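# Examining the three-dimensional arrangement
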Amino acid sequence: MTYAITQTCCGDATCISVCPVNCIHPTPEEPDFGRTEMLYIDPKSCIDCGACADACPVEAVFPVDSLPSSQQEYGPLNAAYFADREPAPAPGGPNFHVWGEPSFERSLPSDFGPLRVAVVGTGPAGMYAAEDLLLHTGAEVTLIDRLPVAGGLIRYGVAPDHLSTKKAGDTFARFHTHPRVRMCLGLEVGRDITPEELAAHHDAVIYAVGAPAGRRLGIPGEDLAGSICATTFVSWYNAHPEVAPDAVDLSAERVVVVGNGNVALDATRILVSDPEALAAGDIAGHALEALRAGSVREVVLLGRRGPEDAAYTRSELLALKHLPGVELVVDGHDPRTGTAIDAAEPGERASLLADVAREEVDWSRPPPAGRRIVFRFHSSPVEAVGDGKVRVVRVSGGDDGREIPAGLLLRAVGQRGLPVAGLPFDEATGTVPHEGGRVTGRPGTYVVGWIKRGPSGGIGANRTCAAETVGTLLDDAVGGSLPTPAQGEKAFRRLVRRRNRRIVDARGLAEIERAERALGRRDGRPRVKLATLPELVAAARGGRRRIPG
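Since we're looking at a predicted model, the values are computed, not measured. Here, residues in each chain are numbered from 1, in the same order as that chain's written sequence. Per-residue local features are limited, in this predicted model, to residues with pLDDT of at least 70; the limit for side-chain atom pairs, both in listing and counting, is 80 or more; totals at the level of whole chains, interfaces and linings are taken over all residues. The side-chain quantities take in all heavy atoms of the structure and omit both hydrogens and water.

## Considerations on the overall build of the protein
What counts, and what does not: Helix and strand labels come from DSSP, where a helix needs a run of H or I of at least four residues and a strand needs a run of E of at least two; each type is numbered from the N terminus. Type-normalised accessible area, obtained with a 1.4 Å probe on protein chains alone, sets the label of each residue: buried when under 20%, exposed when over 50%, and partly exposed for intermediate values. Residues count as neighbours in contact if any of their non-hydrogen atoms are within 4.5 Å of one another. To measure how exposed things are, a 1.4 Å probe is used in the Shrake-Rupley method; for residues, cover is taken only from the protein chains shown. Within this scheme the basic residues Lys and Arg register as positive and the acidic residues Asp and Glu register as negative, but His and the chain ends are omitted. A charge is said to be at NZ when it belongs to Lys, at CZ for Arg, at CG for Asp and at CD for Glu.
Along the backbone of the protein there are 19 helices and 23 strands. With respect to the three principal axes, the spread of C-alpha positions in the protein is 70 × 65 × 50 Å. Among the 549 residues that make up the protein, the fraction classed as buried is 53%. Once local pairs closer than 6 in sequence are excluded, the contacts in the protein between residues at least 24 apart make up 75%. Total accessible area on the protein stands at roughly 24,500 Å², and carbon and sulfur atoms take up 50% of it. Of note, the protein has its 61 positive side-chain charges centred 9 Å away from the centre of its 70 negative side-chain charges.

## As for the side chain of histidine 176
Looking at the element boundaries, histidine 176 is found in the loop between α7 (168-173) and β7 (181-185). Other than its neighbours up to four places away in sequence, histidine 176 contacts Met127, Leu143, Ala150, Val181, Met183, Ala506 and Leu509.

## Description of the environment of glycine 397
Within the element layout of this structure, glycine 397 appears in the loop between β17 (392-395) and β18 (402-405). Every residue in contact with glycine 397, bar those within four places of it in the chain, is listed here: His333, Arg376, His378 and Arg402.

## Let's talk about the nonpolar core
As a reminder of what qualifies: For our purposes a nonpolar core is just a set of buried Ala, Val, Leu, Ile, Met, Phe, Trp, Tyr and Cys residues, chained together by side-chain atoms within 4.5 Å.
Core analysis: the biggest nonpolar cluster contains 124 residues, and Ile24 and Phe375 have the highest contact counts within it. Leave out the neighbours within four places in its chain, and isoleucine 24 touches Ile5, Cys15, Ile16, Cys19, Leu39, Tyr40, Ile41 and Cys52. By size, the runner-up hydrophobic cluster in this structure holds 20 residues, among which are Val120, Leu187, Val420 and Val496.

## Things to note about the pattern of salt bridges
Definition in use: Here a salt bridge means any side-chain nitrogen of Lys or Arg lying within 4 Å of a carboxyl oxygen belonging to Asp or Glu.
Under the defined criterion, the tally for this structure stands at 44 salt bridges. A salt bridge links arginine 349 to glutamate 37; the shortest N-O distance between them is 2.9 Å. With a gap of 312 residues between them, arginine 349 in the loop between α14 (335-343) and β14 (357-359) and glutamate 37 in the loop between β2 (24-25) and β3 (40-41) connect regions that are remote in the sequence. For arginine 349, a relative accessible area of 24% gives the class partly exposed.

## Considerations on the sheet that holds β18
Counted only if it meets this: In short, DSSP must find at least two bridges between two strands for them to pair. Helix axes are fitted to C-alpha atoms over the stretch in contact, other axes to C-alpha atoms as well, and angles between N-to-C directions run from 0 to 180 degrees.
The strand order across the open sheet built from three strands is β16-β17-β18, with neighbouring strands paired in antiparallel fashion. The open sheet has two edge strands with one neighbour each: β16 (381-385) and β18. Here the strands of the sheet are splayed against their neighbours by 25° on average, with no regard to which way each runs. Two strands pair when backbone bridges link them, and β17 and β18 are joined in this way by four bridges, in the antiparallel orientation. Bridging from a neighbouring strand, valine 392 pairs with proline 405 of β18.

## Focus: the packing of aromatic side chains
Aromatic ring pairs are defined here through the distance separating the ring centres and the angle between the ring planes. So the rule is basically this: Note on aromatic pairs: the rings of Phe, Tyr and Trp (six-membered ring only in Trp) are paired at centre separations within 6.5 Å, and the planes decide the class, stacked below 30 degrees, edge-to-face beyond 60, tilted for the rest.
What the rule picks out here adds up to seven aromatic pairs. Ring centres of tyrosine 81 and phenylalanine 82 lie 5.1 Å apart, and the angle between their planes is 90°; on these two criteria the pair is classed as edge-to-face. Take tyrosine 81 and phenylalanine 82: they sit in the same class, and that class is buried. Between phenylalanine 375 and phenylalanine 377, the ring centres sit 6.0 Å apart and the planes meet at 15°, which makes this aromatic pair stacked. An identical accessibility class is assigned to phenylalanine 375 and phenylalanine 377; each is buried.

## Some points on the sheet that holds strand β15 (residues 371-376)
Spatially, seven strands are ordered β10-β19-β11-β12-β15-β13-β14 in an open sheet, and the strand pairing comes out parallel. Edge positions in the sheet fall to β10 (227-229) and β14, since each has one partner strand and no second. Ignoring strand direction, the axes of neighbouring strands in this sheet form an average angle of 25°. Bridge count between strand β13 (residues 326-331) and β14: three bridges; the pairing is parallel. Looking at the pairing, valine 330 lines up with arginine 358 of β14. Together, β11 (254-258), β12 (298-302), β13, β15 and β19 (408-411) form the strand contacts of helix α10 (residues 262-272), whose direction differs from that of β12 by roughly 170°.

## Comments concerning unusual backbone geometry
Residue histidine 25 is joined to proline 26 through a cis peptide bond whose omega torsion reads -5°. Structurally, the position occupied by proline 26 is in the loop between β2 and β3. Notably, alanine 13 is not glycine yet its phi reads approximately 75°, a positive angle. Relative to the helices and strands, alanine 13 resides in the loop between β1 (3-5) and α1 (14-18). A relative accessible area of 10% means that alanine 13 is categorised as buried. Non-glycine residue aspartate 48 carries a positive phi angle of around 65°. Take aspartate 48: it is sitting in the loop between β3 and α2 (51-55).

## What to know about the packing of helix α9 (residues 230-237) against α10
Filter applied, for reference: What sets the label is the angle itself: under 35 degrees gives roughly parallel, over 145 gives roughly antiparallel, 65 to 115 gives roughly perpendicular, and the rest give oblique. Left-handed describes a crossing whose near helix is turned anticlockwise from the far helix through less than a right angle; right-handed describes the clockwise counterpart. When residue character is reported, Ala, Val, Leu, Ile, Met, Phe, Trp, Tyr, Cys and Pro are called nonpolar, Asp, Glu, Lys and Arg charged, and the others, Gly included, polar.
Where α9 contacts α10, the axes come no closer than 10 Å and their chain directions differ by 45°. It follows that α9 is oblique to α10 by the angle criterion. Seen from above, α9 lies across α10 with left-handed handedness. For the pair α9 and α10, contact is made by Ala230, Phe233, Val234 and Tyr237 and by Val263, Asp266, Ala267, Ile270 and Leu271, respectively. Taken together, the residues of the contact of α9 with α10 sort by class into eight nonpolar, no polar and one charged.

## Re the pairing of strand β5 (residues 116-120)
To keep it simple, the criterion reads: The crossover handedness rule: strands pointing away from the viewer, path from first strand over the helix to second strand clockwise, crossover right-handed.
Taken across its five residues, β5 has five buried, putting it largely inside the fold. Alternating residues of β5 divide into Arg116, Ala118 and Val120 and Val117 and Val119, and every residue in both groups is buried. Direction of pairing for β5 relative to strand β6 (residues 140-145): parallel, over a ladder of five bridges. Bridge pairing in β6 places valine 119 opposite leucine 143. The parallel pair β5 and β6 is bridged by helix α4 (residues 124-136), and the resulting crossover is right-handed.

## Looking at the pairing of β12
Remark: a regular strand shows side chains that alternate across the two faces of the sheet. With respect to burial, β12 is a largely interior element, five of its five residues being buried. Burial along β12 is two-sided: the face carrying Glu298, Val300 and Leu302 and the face carrying Val299 and Leu301 are both buried. Sheet analysis places β11 next to β12, joined by five bridges and oriented parallel. Residue pairing for β12: valine 257 is matched across the bridge by leucine 301. Inspection of the sheet shows β12 paired to β15 by five bridges, in the parallel sense. Note that in β15 the partner of valine 300 across the bridge is valine 374.

Here it is as structure tokens:
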């Protein structure tokens, strides 16, 4: 029996570090690391020890012979990665693992004193940076987030039916109460305090603020009611306090989703899933009720290019294929689509659509009975049309294009960073200019995550990104190039209290957790997220918000 890595792989390489036989690839030392959809276990090398399954933070590793029917494909998928690769050289001694020469990438002086570092953003990128500092140095870390609750994209970006993926947050949560951590949640840099004030109280500041803005389509009618960015939709169903409960209207039978990436597939899956199945996760209460009362029966996925170039991962497409009661259809309006699918080799992304029905959809007719997803490749939106609200989406494709009646248009064509107060910003890339994470022209200021490298890579990609940034910071500290803070910790605490009396600390965060789980027990769910800023702040104060009976 061997093990296989499945859909929820986070790619942070914890499994690689515990494997005694080096059977999980690509490793952080290999060129493909961070470029593949997930990590893979070589069935020929696996010795069935289970160390990887025990270490996996998102419960993505299982024995092949116990995979449920919805994940049977992952055994062959793992094996296929190694089909055309040369096996690793056999060890010359009794050890299973071929160990390389010892490497000490960081060498800190014995008298290296503790640094005070502020990390702005509590999503995966910020928390990997904090983890690195806390585990490998004596640094004192101030965790800052503009929202009164921690988690970032773990809380507000991961789909509510991916509960295993959300378990990565448990790994980070253990640092919230670390003795060298102080949490300042609900504190916004640029509003409550200036970047200069933050820097004046810390040896270094790391910004991990992500890429929150959605890219625009640039078509007429894009700003009509019923045309929204997928990031708004994702925030809506994840109970983000800055997105109103009535921000999404699901009264139409057909929805058009523009894009073929994982965010587009996540949004599509939520729209057509059985709401009662979603209730087993932590979907926002208002979103759950809207889906129960909604009329959506068909989602049309528009892809500008063909199925061979789709940006989604195979695991996300496989998840759609296993949705109970949902039919998948490929729109055959362009002959290139069928040709690409038929010519695809096993293991290629397009080959996963080989068993999906194809038809030339008659868009003048309402969606058929039941629920379905239509993949329409080689097609782009040209215009959204409606009298104050989206009613029709005009798309390219075919001889003269088509008009697709739809009441909701979701734009899932990528994200980009926003300017950060006090920092330089590259409008073309939506990132902060840097050198190895060091912000250009700003000594003592660093970036990590999507604001550093752009919106690419999943949760685990932030581990190596954070290691680079922290390494640069420590090099600067050893080299004596960090500015000396003008004020200390006590002065910072006084400043924060003067500017914002609604700050949530680690104890308050634990109270929010307790309140949400109590609401979940009441409704028979793992948790019910508090969806407004006042609710979150009140819960953080413990006992001041009564949990309804």
